[in-house]
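Residues per chain, in single letters:
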There are 4 protein chains.
Amino acid sequence: MPDASPAKWHLAHSSWFFEQFALASDPAYVPLDADWTYLFNSYYDTVGARHARPHRGLLSRPTLAQVLAHRAAVDARMDRLLCAALPPRVAQVVQLGLHHEQQHQELLLTDIKHAYWSQPLRPAWREDLPHPPRAEPQPLRWCEGDQGIVEVGAAPWPAGEAFAFDNESPRHRVLLSPHALADRLVTNAEYRAFVERGGYREPGHWLSAGWASVQAQGWRAPLYWDDDLAREFTLGGWRDIDPHAPVCHLSYFEADAFARWAGARLPTEFEWEHAAAGVPVAGNFADAGWMHPMGAMSRATGPRQLFGDAWEWTSSAYAPYPGFRAMPGALGEYNGKFMCGQQVLRGGSCASAAGHLRASYRNFFHAADRWQFSGLRLAKDRP
Amino acid sequence: MPDASPAKWHLAHSSWFFEQFALASDPAYVPLDADWTYLFNSYYDTVGARHARPHRGLLSRPTLAQVLAHRAAVDARMDRLLCAALPPRVAQVVQLGLHHEQQHQELLLTDIKHAYWSQPLRPAWREDLPHPPRAEPQPLRWCEGDQGIVEVGAAPWPAGEAFAFDNESPRHRVLLSPHALADRLVTNAEYRAFVERGGYREPGHWLSAGWASVQAQGWRAPLYWDDDLAREFTLGGWRDIDPHAPVCHLSYFEADAFARWAGARLPTEFEWEHAAAGVPVAGNFADAGWMHPMGAMSRATGPRQLFGDAWEWTSSAYAPYPGFRAMPGALGEYNGKFMCGQQVLRGGSCASAAGHLRASYRNFFHAADRWQFSGLRLAKDRP
Amino acid sequence: MPDASPAKWHLAHSSWFFEQFALASDPAYVPLDADWTYLFNSYYDTVGARHARPHRGLLSRPTLAQVLAHRAAVDARMDRLLCAALPPRVAQVVQLGLHHEQQHQELLLTDIKHAYWSQPLRPAWREDLPHPPRAEPQPLRWCEGDQGIVEVGAAPWPAGEAFAFDNESPRHRVLLSPHALADRLVTNAEYRAFVERGGYREPGHWLSAGWASVQAQGWRAPLYWDDDLAREFTLGGWRDIDPHAPVCHLSYFEADAFARWAGARLPTEFEWEHAAAGVPVAGNFADAGWMHPMGAMSRATGPRQLFGDAWEWTSSAYAPYPGFRAMPGALGEYNGKFMCGQQVLRGGSCASAAGHLRASYRNFFHAADRWQFSGLRLAKDRP
Amino acid sequence: MPDASPAKWHLAHSSWFFEQFALASDPAYVPLDADWTYLFNSYYDTVGARHARPHRGLLSRPTLAQVLAHRAAVDARMDRLLCAALPPRVAQVVQLGLHHEQQHQELLLTDIKHAYWSQPLRPAWREDLPHPPRAEPQPLRWCEGDQGIVEVGAAPWPAGEAFAFDNESPRHRVLLSPHALADRLVTNAEYRAFVERGGYREPGHWLSAGWASVQAQGWRAPLYWDDDLAREFTLGGWRDIDPHAPVCHLSYFEADAFARWAGARLPTEFEWEHAAAGVPVAGNFADAGWMHPMGAMSRATGPRQLFGDAWEWTSSAYAPYPGFRAMPGALGEYNGKFMCGQQVLRGGSCASAAGHLRASYRNFFHAADRWQFSGLRLAKDRP
């Protein structure tokens, strides 16, 4: 799969980031191995040429052992660096590097899941992965959202103290229309009804590009669902689908089609963010160890499951905020250059690191991507 | 070129629309030829299967003579229909069909231009096409836009009297940030400076997907420019580039990269619409006969060239307005299903029909498309 | 179809050959239009760059009228040339050009057939094409071939008087094994039995590359057969299949699979040539006007239908004869450079010009090609 | 590279052959793991579906350890089988399986070489690989071959006692033209002269399909040669090219073009076989440990280096011998179904097992393949 990378690559690339941007910020720095700079650059044109992503899967050399040794060597140098008094600019890069590594921790899990799925025998990544508890069915309730002008976004970092990626700032005002949000994510049972009632056979539910993907890719259900609609492939291998857990591994096209079929729509990223602002960032993250979404457990009123379980596709195209400024230098390539042709997702998933998320956090993928833990929450206009 | 269709197809398809949606609204209607329904359906899944667009160029049969005869037969039936008292629903479809045909008149011109360009000998479509007058150079002046909440969009048609496509409604409120708009379009001379100063060689100016297009397609200048940057291919054949006429045949990626290089940005579609609201819809349209953009002639203060000359790429992704409702039935496929992955353009071009445009009119293309007469106007944030 | 060319191209290319190799052999010759040299070169690398074959179908300019006018202008110059005393070298090129044009006359017919087939409405090329007479069923009889050393091939031309292409010479000795040849071509009825008994579903009948083609192309019957196995598309449109006429439009893979299924094999090109040597070159050629194979009419003993009706695939890979010499100069590219990866066919077809064939004539196509009038005759080993 | 397989696959497939054809010939046999039958079938359609070759490189599971354990389990069962009295049919399959495994030993080496080459850092497979001794330059001498009718091929096995693959039989008579063979292989120095004198830039030297490969693949020298024409990539990493060692890693197209440029031609497979008949099968095979061709050491008169060093491309298309019979059952797919579209190579290479070759041995690859140790010997016609 051209969008996924092997685990070895993620390991090496995370260290590459620290070497390239933290250690090498010292002009006297001598790289451990110049070749690795080429191999494990992801997409930083400013830094130089790089090994093409679709070929990453063919990298049998360097070996995993070499990668781990390289990683240990970078870590040792980072240890020495961190023992000294860090210039503020370097301290910021280190902080950014930690958030960057958390992102790759999640990708590493979703890429491994896809890699195991791609093996003809479909082995489990971990046979001993515990089963998440099953939830009771819960009716969907609508929560009225605020309307009018509200503030969204984060104060720019590192000018401000709290970390945020550049794509989350500046903080600015947006206008919310009258709307309501579902209090929980769409469940497997609800999505199965869409499938069984011909959702993948009726072009009227779909965006034009979505219908083209359905036909070209032969989609008939979410990625990882078995043809019987009863089992799904997880990081623990084949398992029965929990009907009341959130559906995931949907493309934007599928989330959008489901919402249209259900007489609703996807939320905008600002409707979501305003609802999530002030809500504690707690939920089913990777640290919980389930590595799979689970049904809403809390009985709280108001939108639940905003964080964790499954990323929520929004109807917002990924675009810069008014007054957006990319980070200076090569780090300016971190987010800004992808601001075209992708959709925003919010809230994190069961594969995200627990401390990584916040209400203003913006993730983004192409509308046809579905190997992330991506699901949806319904929204609707109010009169 | 897979996005373009032959002239014959446009001719047949415009008639198909009238036959399919106006004539065939009478249940007793007997189609002229059932095969043509298949051949000249563009993208209406509801209506049935269709001939794939990339294969349209291979349609040597039916011949042009057969298409013209078919067109005449549909016209004759339409004449009879229009002599009777029309049910309102049919009258609306006829009105829609006329606007639809105007859209294909423009596509017919841009597709012909590309088809002639694709001939190895690069013949002129019309050797006798007059040369548009050349304008004096004019300094770019910035015009402050309004900020705060403004109203945009059109009242829904046919509920309201004035025609508008479904994607322009409902009329709704948006929030404008402090901004300014350039008073004219970017010129060939300005764009040439970008090219000559390495604009196509420096990835830092480009969106990631844009840079990928530059490399994959070998872009080095706007479509139709000669390598010497002095001549361009027009519907009248090769001509010297007028330095003070608007640059056109840019992709969104090129417009965006130029704006970034120039220290500015593209306008949002709402900044544009609010500036254009109330401005008379006049300019260099197809009816003027130049079939090519020309320099700003008016000495008016405020934004000029809002209508005609070249479509203006905006930074807005094409998306539904809050409360958007598609037209009922097959006509619901007209616009709504394309609301993902494309960018909005505003204002019309030298190939648009004069009566076709309005301030709320939304055109949309993919970010890499550049065979339309598409250019740009700069915008910037104000403190 | 990338292997086919539009009729306009064949017309221009045949004239190009005369202009390039006959008229332009005079160093003072001024070409009618240098651009045409580029456009209508087929594959002569020595002559210069050329328009790629897969793009020939997009050549809307020059128009047919321009091509015909160009052709008339070349013809007029050729008339003047032929009125003078020709140097032998030029006279030879003219003779070669006539044989070359005959080859394109056949390709023009097979390409037109495919082009009409590719139109979604499948129109007839000529509604008034007469139906060939139907033959009585005739049992297949085996004719013993000679064994031992025999002579094949043609004396080199122009050293010798009789015209032959360079790939037919030199005349040389080959060793024939004990074998027998069928006295007629395989019929539609016989091939239909292969189809109905699962011939296209059983990999054991097929060469490995042939089975790959069956699966990749979805072959289920000869090209142009309807799914009902009862009708076929001809230059006169859809017609009932004559069960006792020769099957045609087979790839080498299909001919080979049928022969294996039938417990036989294909003849070598030398078994065929030795059987055909001395047989009058008569049969169902294009001049007869049927433009379709017909059943064996003659009651002669010995192999019949050796010439005309359908090209006969042989088991011989296309290769140079011992001592082969290509023609000098650019004409050396005529045949020799294709001597790898193709199979030899013998005997001509219902689309060949009557005077064009001879026993030593070698045609060649790729094993997967089936848009020619290509069928087969069975052969078998004798103890 | 779609033609190559990972080492793990070769290991598993060689054992699969023994399990499938020897162990499973007992109807009561219970396979070790049915999934492996699917995974490690190469191309036996009769045996069932299989994992597609281009996807073999993505098989991260089963792991190497699992493959080795599986292999040990098959070996243990084979040990038990071999201790009993074997039915003749099973004994033959075992013998065939050993020859089959030798073939995969060679492919394993050539595939590994290509896999290391495909790593961006181009590591050596074995840093400690010894350098073969360098030979003195030796002038090329021509050896007259016999002409007239000679016998080639092997008696059918297992009817006869001596092992031979089915494609080598039956023994039969062929007619040799007057010819001469070079007494040694073409050397790196000779081939370098071809490169330096523009061999890859002049279409006149090439077959048409060869020239298309040169352009599409960007060939400018043999595979594994550095741009400086002084170093080549070997199983021991980058090394200086020995000018007097045989050139290798040529496609058929390159071998053919060189021969044409040199005013010679390639031998037919029968010219080669007749010259090799009776010559001891000795030379630079894998068992010597060099894993790379070396210059001719022997001072013998007559053709040298017939066995080992580099496979010799012949001008013969791979085709069945008169009266060829494939082996019965699934093993009939071993060779026969590839008899179209490939060229025969003779003599073995520095990566072949020493006991594997014989004069009648026929190897075959596609004309564009060049990852085998494939070179050439010149031949020419005699008057």
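**Some words on the environment of Thr-63 of chain B**
Within the fold, Thr-63 of chain B resides in the loop between helix H2 (34–39) and helix H3 (64–83). Distance in space between the C-alpha atoms of Thr-63 of chain B and Ala-159 of chain B is 41 Å, their sequence separation being 96 residues.

**Remarks on the environment of Met-339 of chain B**
Inspection of the secondary structure puts Met-339 of chain B in the loop between strand E7 (311–317) and strand E8 (343–346). Here the alpha-carbon distance between Met-339 of chain B and Pro-267 of chain B, two residues 72 residues apart in the chain, equals 19 Å.

**A look at the interface of chain A and chain D**
Each side of the interface is counted separately: chain A has 14 residues, and chain D has 14 residues. Where chain A abuts chain D, roughly 1200 Å² becomes buried across the two surfaces, and 65% of that area is made up of carbon and sulfur atoms. Of all residues in chain A, Arg-61, Gln-119 and Leu-121 of chain A give up the largest surface area on contact with chain D, accounting jointly for 45% of the area buried on that side. Where chain A meets chain D, there are 0 salt bridges. For the pair chain A and chain D, the interface holds 6 residue pairs in polar contact (both at pLDDT 80 or more). Residues of the side of chain A that touches chain D, tallied by class, amount to 9 nonpolar, 3 polar and 2 charged.

**Concerning the sheet that holds strand E10 (residues 374–375) of chain B**
Residue and element names in this part refer to chain B. What the 4 strands build is an open sheet, ordered E9-E8-E7-E10; its pairing is mixed. Each edge of the open sheet is held by one strand with a lone partner, namely strand E9 (363–365) and E10. Pairing of E8 with E9 involves 3 bridges; the strand directions are antiparallel. When the sheet's bridge partners are listed, Gln-343 is paired in E9 with Phe-365.

**With respect to the relation of the copies chain B and chain A**
Expressed as a screw transformation, the operator carrying chain B onto chain A has a rotation angle of 180 degrees and an axial translation of 0.0 Å, and the superposed copies differ by an RMSD of 0.0 Å. Here the two chains are linked by the operation of a two-fold rotation axis. Residue Gly-341 of chain B of chain B places its C-alpha closer to the rotation axis than any other residue of that unit, at 2.5 Å. Comparing contact sets, 100% of the residues at the interface of chain B also lie at the interface in chain A, consistent with an isologous, same-surface contact.

**What about the interface of chain B and chain A?**
Every contact between the two is made by 24 residues of chain B and, on the other side, 24 residues of chain A. Summed over both partners, the interface of chain B with chain A comes to about 1800 Å²; 65% of that surface belongs to carbon and sulfur atoms. Applying the counting rule to chain B against chain A returns 0 salt bridges. On inspection of chain B and its partner chain A, the count reaches 4 residue pairs in polar contact (both at pLDDT 80 or more). Residue assignment for the side of chain B that touches chain A shows that the elements contributing at least two residues are strand E3 (172–176), helix H6 (208–217) and helix H7 (252–261) of chain B. For the side of chain B that touches chain A, the class distribution of residues is 15 nonpolar, 5 polar and 4 charged.

Parameters and conventions
- Residues numbered from 1 in each chain as written.
- Chains lettered and ligands numbered in written order.
- Predicted model: local features only at pLDDT ≥ 70, side-chain atom pairs only at ≥ 80, totals over all residues.
- Heavy atoms only, no water.
- Helix = DSSP H or I, 4+ residues; strand = E, 2+ residues; numbered from the N terminus.
- Contact = heavy atoms within 4.5 Å.
- Buried area = accessible area lost by both parts, 1.4 Å probe.
- Salt bridge = Lys/Arg side-chain N within 4 Å of Asp/Glu carboxyl O.
- Polar contact = N/O pair within 3.5 Å; in protein donor to acceptor, adjacent residues only side chain to side chain.
- Nonpolar A, V, L, I, M, F, W, Y, C, P; charged D, E, K, R; others polar.
- Pairing = 2+ DSSP bridges.
- Least-squares fit on C-alpha atoms with pLDDT ≥ 70 in both.

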